[in-house]
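# Observations on chain architecture
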Amino acid sequence: MSFPQFAFNNVRRNARAYIAYFLSSSFMVMVFFAYSVFIYHPGIASQNIGTMAVTSMRVAACIVYVFAFFFVLYSIGTFLKSRNLEFGILTILGARPNQINRLIFLENMLIGIVAIVTGIAGGMLLSKLFLLLSTRAIGIEDLPFYWPVEAMLVTSLSFVSLFLFISFFTLLLIRNNKVLDLLQGNVKPKKQPKASVFLSLMGVILLSTGFYALRIELSPVAIILAAVAGISGTYLFYSQLSVVVIRLLKRSRRSTWRGTRLLWTSEMSYKLRDNSRMLFMITVVTALASMGAGYVLSINQAGRDEYNEKPFAITQTYYRTTSADPDRSTIHQELKAAGVEYTEKRTDLLSASALDEEGRENGLYLIGLAQYNELAPLADLPAVTGLGANEVVVVASPEVEKKEYIRDQMVTLAEQPAVSLYVKESVTTESVGFISSFAPVLIVPEKWMEMVRVARSAEEGKEVRPYISYHYKVPAWDTGSLPSIDSQENIIGTKLRQWNTAREGKSDEVFDLTSRAANYWALKQSTAMLSFVSVFVALIFSVASASFLYFKLYSDLAADIRMYRALSKIGLSTSEMSASATKQIAVLFYIPIVVAAVQSLVVISPILETGIMNVLKPVLTTFAGYLILQSVFFIIVKSRYIRSLKKMMV
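The paragraphs below set out a description of the structure included in this document. Keep in mind the model is a prediction, meaning the values are calculated, not measured. (Residues numbered from 1 in each chain as written. Predicted model: local features only at pLDDT ≥ 70, side-chain atom pairs only at ≥ 80, totals over all residues. Heavy atoms only, no water.)

### Details of the overall build of the protein chain
How we decide: Strands are runs of DSSP state E lasting at least 2 residues, helices are runs of H or I lasting at least 4, and numbering of each runs from the N terminus. Throughout, a residue-residue contact means that at least one pair of heavy atoms, one from each residue, lies within 4.5 Å. Exposure was quantified through the Shrake-Rupley algorithm and a 1.4 Å probe, taking into account, for residues, occlusion by the shown protein chains and nothing else.
Helix and strand counts for the protein chain stand at 20 helices and nine strands. Counted over contacts in the protein chain with a minimum sequence separation of 6, partners at least 24 positions apart contribute 83%. Counting only carbon and sulfur atoms, one obtains 62% of the accessible surface of the protein chain, whose full area is about 31900 Å².

### Quick word on the packing of aromatic side chains
Worth spelling out the cut-off: Note on ring pairs: Phe, Tyr and Trp rings are taken, using the six-membered ring of Trp, and paired if centres are within 6.5 Å. Classes follow the plane angle, with under 30 degrees stacked, over 60 edge-to-face and the rest tilted. Throughout, exposure labels follow a simple rule: accessible area from a 1.4 Å probe, protein chains only, divided by the maximum for the residue type, with under 20% read as buried, over 50% as exposed, and the rest as partly exposed.
Scanning the model with the defined rule gives 14 aromatic pairs in all. An angle of 90 degrees between the planes, with centres 5.1 Å apart, marks the rings of F211 and Y212 as edge-to-face. A relative accessible area of 31% means that F211 is categorised as partly exposed. Arranged with centres 5.1 Å apart and planes meeting at 70 degrees, the rings of F237 and Y238 form a pair that is edge-to-face. When its relative accessible area of 23% is taken as the criterion, F237 is described as partly exposed. Following the ring pairs from residue to residue traces out a cluster consisting of F32, Y65 and F159.

### As for the pairing of strand 2 (residues 343–355)
We apply this condition: A pair of strands counts as paired when DSSP detects no fewer than two bridges linking them.
Note: strand 2 against strand 8 (residues 467–473), seven bridges, orientation antiparallel. Along strand 8, the bridge assignment pairs K345 with H471. With six bridges connecting them, strand 2 and strand 3 (residues 361–368) associate as antiparallel partners. Across the sheet, the residue bridging to A354 is N362, located in strand 3.

### What to know about helix 16 (residues 488–503)
We count it as follows: The span one expects for a helix is its residue count, reduced by one, times 1.5 Å. For this quantity, the arc is that covered by the directions from the helix axis to the C-beta atoms.
Look at helix 16: 23 Å from first C-alpha to last across 16 residues, which is about the 22 Å you get at 1.5 Å a residue. Listed in full, the buried residues belonging to helix 16 are E489, N490, I492, G493, L496, N500 and R503. The buried residues of helix 16 occupy one face: seen down the axis, they fall within an arc of 165 degrees.

### Thoughts on the nonpolar core
The cut-off we apply is this: Note on terminology: a nonpolar core comprises buried Ala, Val, Leu, Ile, Met, Phe, Trp, Tyr and Cys residues joined through side-chain atoms within 4.5 Å.
Of all hydrophobic cores here, the largest spans 90 residues; its most connected members are Y21, Y35 and Y564. Those residues in contact with Y564 that sit more than four places away from it in its chain are L263, L572, M577, S580, A581, Q584, L645 and M649. By size, the runner-up hydrophobic cluster in this structure holds 19 residues, among which are L366, L413, L442 and V444.

### Section: the pairing of strand 6 (residues 420–428)
Here strand 4 (residues 391–396) runs beside strand 6; their pairing, made up of six bridges, is parallel. From the neighbouring strand, V395 faces strand 6, where its bridge partner is V427. When strand 5 (residues 410–413) meets strand 6, the two strands line up antiparallel, connected through three bridges. Of the residues in strand 6, the one forming a bridge with M410 is Y422.

### Overview of the packing of helix 12 (residues 276–309) against helix 20 (residues 616–646)
Worth spelling out the cut-off: Every axis in this analysis is a line fitted to C-alpha atoms, fitted for helices over the stretch in contact. Angles between the N-to-C directions lie between 0 and 180 degrees. What sets the label is the angle itself: under 35 degrees gives roughly parallel, over 145 gives roughly antiparallel, 65 to 115 gives roughly perpendicular, and the rest give oblique. In this scheme the crossing of two helices becomes right-handed for a clockwise turn of the near helix relative to the far one and left-handed for an anticlockwise turn of less than a right angle. Classes in brief: Ala, Val, Leu, Ile, Met, Phe, Trp, Tyr, Cys and Pro nonpolar; Asp, Glu, Lys and Arg charged; the others, Gly included, polar.
Close contact between helix 12 and helix 20 brings their axes to 8 Å; oriented N to C, the two are set at 130 degrees. With respect to helix 20, the axis of helix 12 lies oblique. Along this stretch, helix 12 crosses helix 20, giving a crossing that reads as right-handed. Residues T286, A289, S290, A293, G294, L297 and S298 of helix 12 pack against P618, V619, T622, F623 and Y626 of helix 20. Split into classes, the residues belonging to the contact of helix 12 with helix 20 amount to seven nonpolar, five polar and no charged.

### A word on the pattern of salt bridges
We count it as follows: The salt bridge definition used is simple: a Lys or Arg side-chain nitrogen within 4 Å of an Asp or Glu carboxyl oxygen.
This model, assessed by the stated rule, comprises ten salt bridges. Among the salt bridges present, the one from K473 reaches D478, with a minimum N-O distance of 3.4 Å. In this structure K473 comes out as buried when scored by relative accessible area, which is 15%. Owing to a relative accessible area of 31%, D478 belongs among the partly exposed residues under this scheme. The shortest N-O distance in the salt bridge between R516 and D478 comes to 2.5 Å. Of the two residues, R516 sits in helix 17 (residues 516–555) while D478 sits in the loop between strand 8 and helix 16, which places them 38 residues apart along the sequence. Connected through shared salt-bridge partners, K473, D478, E489 and R516 make up one network.

### Observations regarding a nonpolar patch on the surface
Let me state the cut-off plainly: Patch criteria: residues need more than 30% relative accessible area and no salt bridge. Like-charged residues are merged within 9 Å; nonpolar side chains of Val, Leu, Ile, Met, Phe, Trp and Tyr are merged within 5 Å.
Among the surface-exposed residues, L125, L126, L129, L132 and L133 lie close enough to one another that they form a single nonpolar patch of about 470 Å² accessible area. The residue L126 is located in helix 5 (residues 97–138) in this model. Of the residues examined, L126 reaches a relative accessible area of 40% and is grouped as partly exposed.

### Description of the packing of helix 11 (residues 261–274) against helix 18 (residues 557–569)
Packing of helix 11 against helix 18 leaves a shortest axis separation of 14 Å and a crossing angle of 165 degrees. Our classification of the angle between helix 11 and helix 18 gives roughly antiparallel. Here the hand of the crossing between helix 11 and helix 18 comes out right-handed. Taking contact as the criterion, the partners of L263, E267 and K271 in helix 11 are, on helix 18, D560, M563, Y564 and L567.

### Remarks on the environment of L620
With respect to the helices and strands, L620 occurs in helix 20. Distance in space between the C-alpha atoms of L620 and S290 is 8.5 Å, their sequence separation being 330 residues.

### Here we look at the side chain of S200
Secondary-structure assignment places S200 in helix 8 (residues 197–216). Setting aside chain neighbours within four positions, we find S200 in contact with Q240, L241 and V244.

### Considerations on the environment of V510
For V510, the position within the fold is in strand 9 (residues 510–515). Taking C-alpha positions, V510 is 5.3 Å from Y319, a pair spaced 191 residues apart along the chain. When neighbours within four sequence positions are excluded, V510 is seen to be in contact with T317, Y318, Y319 and R320.

### As for the environment of P382
Relative to the helices and strands, P382 resides in the loop between helix 14 (369–375) and strand 4. For P382, a relative accessible area of 38% gives the class partly exposed. For the pair P382 and V427, spaced 45 residues apart in sequence, the C-alpha to C-alpha distance is 8.6 Å. Setting aside its immediate chain neighbours within four residues, P382 contacts Y372, A376 and V427.

That's the geometry; what it means functionally is another story.
Next up, the structure:
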C-alpha cells in the first residue's frame, strides 16, 4: 500500500468525524463561487447599480474567505488532538516525524481538493438560481447564465492556497509533542477547571462598564468603549465567570443533588471551560451579525413606512427662487404623457423659532390656515376651524413631539416675542404629508405669516420668503401596495429626479424634487444587496458554528463513552444518560444565542429610547431565524451523539 493510499484510507475510516467538516467546507466553497459568478458576470457592468452590487459581493466573498480560514484552522486542530493516540502508535511502529507530517498534509489536501471540486460543482448547479435570486433581491434586470471560467479559477486558486497554508501551519501543532503524551491521547484525565475570582469580578466590571457606557451618552467614544468592554467581558464570562457560577451551584446540595443534575452540571464546568474560545467567538459574531441584519431590516421597514405615509407621489420644493410662480412645465408634461389624472397643490412654509422657558430657540415652520385646510383632506389630516386671531394648532410627527416650547398652552415666537399665541390643539400624526417630519408645524392665521416674514426680513436685512412646495396627488398610483421597479410611478419619478439633478447649479434657484416611489427603490436597492449578502453570510456562520460544536463533541466522545459506560454499570439508565447529554449539548448550542441576544438588546435599547429607528423587531426577527437554524442543527447533532453513547451502555 502506497503512502497516498494510506492517507486516503485514514480519511475513509474517519468519515464520521470528517463528514461535517467536509460538507461545511464544500458549502463555503459553493457560496464563495456563487459570489464570484455574480462578480465576474459580463452583464453586471451595464446595470445602474452594478458597481455597488459587485463591491458588496466582493466584501461578502472576503468575509466568507476569512471565516473559512479560521473554520478550517480550528477544525483541523480539533481533529489532530482527537488523533493523538493514532499518531503515538505510528511513532512507536517506526514512523518518522516527517512521515507523520506528510500523512497529515496529504489528508488535509485530499479533503480540501474534494471539497473544492464538490463546492464548485454544487455552485454550478445552483448558479442560475443564485443569479435569479440576487437580481430579484437587488431589483435589476435578470442576468443570463454564462460559463464562469474566471470564477472557477479564482475560487480554485483561493481555496487551494487556503488549504495549502493551513496544512503547512498545522504541522507545527504536533511537532513538539512527546510520544507518551500522544499515546495517552484523550485518556489522560482532565484537571479540575480552575477560575480566578479576580478575573471573574473583572468580567462583571467590564460587562457593567459596557452597559453603562451606552446609558451615559450615545457617542462614538461611548460605543467604542462599550464594544471593547463588552467583548472582553464576554470572553471572561465564558472562561472564568461560568466556571465560578457552576462551582457555586454545586455547593447547594438541595438544588444540585437531584437525579442526574449533579452529573450534567459537573460536566458543564469542563465543557464550558474547554469551549470558552469557541463559545466566545460564536457569541460575538452572532451579536454583530444580528445587529447588522436588524439595522438593515429596520431601514427597509422605514422605507416602506415612509412610502405608505406619503400622500403625494411627487413634491417639488423651492428653498430659494427668483419667481413667485416657478416653472413646473416639465412635471406637467411628464404626468400628462403618462395619461394619469393629478391634482397640484401649493404650500408656503415659513421658517420660524419658538422660545422655551430658558429663552432658547426651537426651530419650527408656519403655514397659513387656508392652505392647510385645502391640503388636509388629501393628506388624511384633520381640518382646523374656528381659529382665533392669536390662536394656533401644532402638528408634529412622533419623532419631534417635544413640547418644551409650549408653556401653559402658550407659544412665543422669537420673531414676535411681544405677543404669545394660544395653542388651541396639538395633533400628532405619522402621515407627515406636506408637513416636515423634522420640526413641528404651527397652523396660524394668514396675518401671522406676513408679520413673521416682515420681522425676519428686517432682522436679516434682506427679503425673506417662505419655502414654496408643489405637491402632486395621483389617484391612479395610490393602490395601497408598494410599487414595483418597473411601475409607472417609479419610472416617471426616477426620470423627474434625474431631470431635477441635471438642473442643479445652472440657476440661482435652490430646489429639490422628491418622488416617493423613486426614493423607496433607491433605498431598497442600496440595502437589498446588504440583506441578500447577510443572509448567506449568516447561513454560513450557522452551519460553521454547528460544525464547531460537533467537532468538539466528537473529540470528547471517547471520554464520554468511558464515563457513561462506567456509570451504567452502577445503575445509570439509558434515559438518564440521554437526558444528561441532551442538557449539556443544549447549553453549548443555545447559550451563545441567549448571551448574544441579551447583548444586542442592551446595545439597541439606547437607540430605541431616542426614537430614531425601531430596530427591536428586526433584531428579534434575526435572532428567531438563528434560533430556528440552531435548533435544526441541535436535533441532528444530539441524535447522532446520543446514538453513539447508547451503543456503549451496559
